[in-house]
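Per-entry structural report
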Amino acid sequence: LKLQFLYFIVFFTNMPYKPLIIVNVVSDILCPFCWIGKRALETGIAACTEKIDVEVRWHPFFLRRNVPAEGIDRMQALAEKFGKRHAKKLLLDENSAIRVHGREYGLDFSYKPGCVIGNSMDGHRLLWYTLAKHGAAVQNQLMENMFRKYFTECENIGSHETLLSAALEAGLAEAEVLELLKSDEYLSSVQHKDVANGANGICSIPDFIIYPATYPKRQLHTSGAQSPEHFASIINRAARL
């Protein structure tokens, strides 16, 4: 007992205190600004790592709720929403705002004829499962893989094959991923969280809820693909709450 007590004293007096900050990111895999926001957030976090630990958790939002499993043509869908001229600029122009902004963070937004907008429900189920079973760091890597496959490799993010590939790259086992995707597990959880986000006034993404883990009700909020400096500032503020 004496040795345990001495260990307790030495351990806690020699260990520098680093507050744990939680960042809940409300996002959709289909959102290009969410990928940019992810990289900006990570750059901001890097400026805080000497004194603050940060855990990023991805929460669901749906930009398109009724996409069929096979997806819908990306160019056609954007043309219907923004007009053909603007759709072509968004997807084909190397100097479009999205591509220029993405390149600042090393992100490649590509387009190939036949690219589709996929249904992101199964992707969100897989992300929610990964957070519950494997933790935030693995979930964060899975989200990165999904963004890359959708925006750079132009894969259908609603395809189980695409999701399996992204999950395997993040370190999940094939059997567990296939079992999840064949079921409706975490469907109600994702739907409930999506409804709750809407009830809390979240209507655009990316949206960031930031708080110290020890005081989850002391929340700070920001939205959009903000600058790394902005994220570093608000995370430091959260550590002082």
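The following paragraphs examine the structure supplied in this document. Note that the coordinates shown come from a computational prediction; the quantities given were computed from them, not determined experimentally.

**Quick notes on the packing of aromatic side chains**
Applying the stated criterion across every chain yields a total of nine aromatic pairs. Residues Phe 109 and Phe 151 carry aromatic rings whose centres are separated by 5.2 Å and whose planes lie at 65 degrees to one another, so their mutual orientation is edge-to-face. Placement of the pair is Phe 109 in the loop between helix H5 (97–103) and strand E4 (116–117) and Phe 151 in helix H7 (residues 136–152), with a sequence separation of 42 residues. Neither Phe 109 nor Phe 151 differs from the other in exposure class; each is buried. An aromatic cluster is present here, built from Trp 35, Trp 58, Phe 109, Phe 147, Tyr 150 and Phe 151 joined pairwise through their rings.

**Examining the nonpolar core**
Of all hydrophobic cores here, the largest spans 63 residues; its most connected members are Leu 41, Leu 126, Leu 142, Met 146, Phe 147, Ile 210 and Ile 235. Here this core gets seven residues from one element, more than from any other, and that element is H7. Ignoring anything within four residues of it in the chain, the contact list for Ile 210 reads Ile 21, Ile 22, Val 23, Arg 218, Gln 219, Leu 220, Thr 222, Ile 234, Ile 235 and Ala 238. Counting residues in hydrophobic clusters, the runner-up holds eight residues, among them Met 75, Leu 78, Ala 87 and Cys 115.

**Things to note about helix H9 (residues 174–182)**
For H9, the complete set of buried residues consists of Glu 176, Val 177, Leu 180 and Leu 181. Around the axis of H9, the buried residues are gathered within 125 degrees of arc, so they sit on the same side. What points out from H9, more than 90 degrees from its buried face, is the exposed set Ala 175, Glu 179 and Lys 182. If you follow the buried residues of H9, they end up packed against helix H6 (121–134) and helix H8 (160–169).

**Quick word on helix H3 (residues 74–82)**
Among all positions of H3, only Arg 74, Met 75, Ala 77, Leu 78 and Ala 79 are buried. Two or three places before Met 75, at the start of H3, stands the capping residue Asp 73, its side-chain oxygen 3.2 Å from that residue's backbone nitrogen. Count one or two residues on from H3 and you reach Gly 83, which has phi positive near 95 degrees.

**Let's talk about the packing of H6 against H7**
Where H6 contacts H7, the axes come no closer than 7 Å and their chain directions differ by 155 degrees. Taken together, the axis directions place H6 and H7 in an arrangement best described as roughly antiparallel. Relative to H7, H6 is oriented so that their crossing is right-handed. Contacts between H6 and H7 involve Gly 123, Leu 126, Leu 127, Trp 128, Thr 130, Leu 131 and His 134 on the former and, on the latter, Ala 136, Val 138, Gln 139, Leu 142, Met 143 and Met 146. Looking at side-chain class alone, the contact of H6 with H7 contains nine nonpolar, four polar and no charged residues.

**Observations concerning the packing of H8 against H9**
Axis separation between H8 and H9 bottoms out at 10 Å; the angle between their running directions is 145 degrees. Considering only the axes of H8 and H9, their crossing is right-handed. Taking contact as the criterion, the partners of His 160, Leu 163, Leu 164, Ala 167 and Leu 168 in H8 are, on H9, Glu 174, Val 177, Leu 178 and Leu 181. A breakdown of the residues in the contact of H8 with H9 according to their chemical character gives seven nonpolar, one polar and one charged.

**Structural notes on the sheet that holds strand E6 (residues 220–223)**
Strand order in the open sheet formed by four strands is E2-E1-E5-E6, and the pairing between neighbours is mixed. The two strands at the open ends of the sheet, each matched to only one other strand, are strand E2 (53–60) and E6. Taking the axes of each pair of neighbouring strands and ignoring which way they run, one obtains an average angle of 20 degrees across the sheet. Here four bridges tie strand E5 (residues 207–212) to E6, and the two strands are oriented antiparallel to one another. Opposite Ile 209, over in E6, you have His 221 as the bridge partner. Across the sheet, helix H2 (residues 32–46) lies against strand E1 (20–27), E2 and E5, angled at about 165 degrees from E2, the strand it touches most. Against the sheet, H6 makes contact with E1 and E2, and its axis sits at roughly 145 degrees relative to E2, the strand it touches most.

**Let's talk about unusual backbone geometry**
Here the residue pair Ile 205 and Pro 206 is connected by a cis peptide bond, since its omega of 0 degrees sits within 30 degrees of zero. Relative to the assigned elements, Pro 206 resides in the loop between helix H10 (187–199) and E5.

Cut-offs used in this document
- Residues numbered from 1 in each chain as written.
- Predicted model: local features only at pLDDT ≥ 70, side-chain atom pairs only at ≥ 80, totals over all residues.
- Heavy atoms only, no water.
- Phe/Tyr/Trp six-rings, centres within 6.5 Å; stacked < 30°, edge-to-face > 60°.
- Helix = DSSP H or I, 4+ residues; strand = E, 2+ residues; numbered from the N terminus.
- Buried < 20%, exposed > 50% of the residue type's maximum accessible area, 1.4 Å probe, protein only.
- Core = buried A, V, L, I, M, F, W, Y, C linked by side-chain atoms within 4.5 Å.
- Contact = heavy atoms within 4.5 Å.
- Arc of directions from axis to C-beta.
- Polar contact = N/O pair within 3.5 Å; in protein donor to acceptor, adjacent residues only side chain to side chain.
- Axes fitted to C-alpha atoms, helices over the stretch in contact; angles between N-to-C directions.
- Parallel < 35°, antiparallel > 145°, perpendicular 65-115°, else oblique.
- Left-handed = near helix turned anticlockwise from the far one by under 90°.
- Nonpolar A, V, L, I, M, F, W, Y, C, P; charged D, E, K, R; others polar.
- Pairing = 2+ DSSP bridges.

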